[in-house]
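# Tertiary structure, described
So the chains spell out like this:
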Amino acid sequence: MKEYIEERAVAIANYIIDHNATVRQTAKQFGISKSTVHKDAVDRLLHINPSLASQVRVVLDINKSERHIRGGMATRKKYQHRLAICSREEK
């Protein structure tokens, strides 16, 4: 594996652990795709640093278990925003 890929995988892992970041947040921060983040954090990191990989896996599993809650909150926020816009237009 090329050295820059290993460095990126470790940097991604540290970011996820430090910020409890999701795959999407990490991808946006590093300017890469979600697929690349997932591949680096799950597959490549396992060969580079297994202990770091297990820490990342814990954060990713927590994020996965909470994703349905985040989706519901995002939908609620969307409709509250629409309601606020409609209320302003009626006045």
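Residues numbered from 1 in each chain as written. Predicted model: local features only at pLDDT ≥ 70, side-chain atom pairs only at ≥ 80, totals over all residues. Heavy atoms only, no water.

Our next topic: the pattern of salt bridges. Summed over all chains, the structure comprises 4 salt bridges. One salt bridge in this structure joins arginine 8 and aspartate 40, with 2.6 Å as the shortest N-O distance. Pair noted here: arginine 8 is in helix 1 (residues 3-19) and aspartate 40 is in helix 3 (residues 34-48), with a separation of 32 residues, a long-range link. For arginine 8, a relative accessible area of 22% corresponds to the partly exposed category. In this structure aspartate 40 comes out as buried when scored by relative accessible area, which is 0%. Aspartate 61 is paired through a salt bridge with arginine 57; the nearest N and O atoms lie 3.2 Å apart. Highlighted residues: aspartate 61 and arginine 57, both in helix 4 (residues 50-90), separated by 4 residues, approximately one helical turn. (Salt bridge = Lys/Arg side-chain N within 4 Å of Asp/Glu carboxyl O. Helix = DSSP H or I, 4+ residues; strand = E, 2+ residues; numbered from the N terminus. Buried < 20%, exposed > 50% of the residue type's maximum accessible area, 1.4 Å probe, protein only.)

By the secondary structure assignment, lysine 2 is in the segment before helix 1. For lysine 2, a relative accessible area of 55% corresponds to the exposed category.

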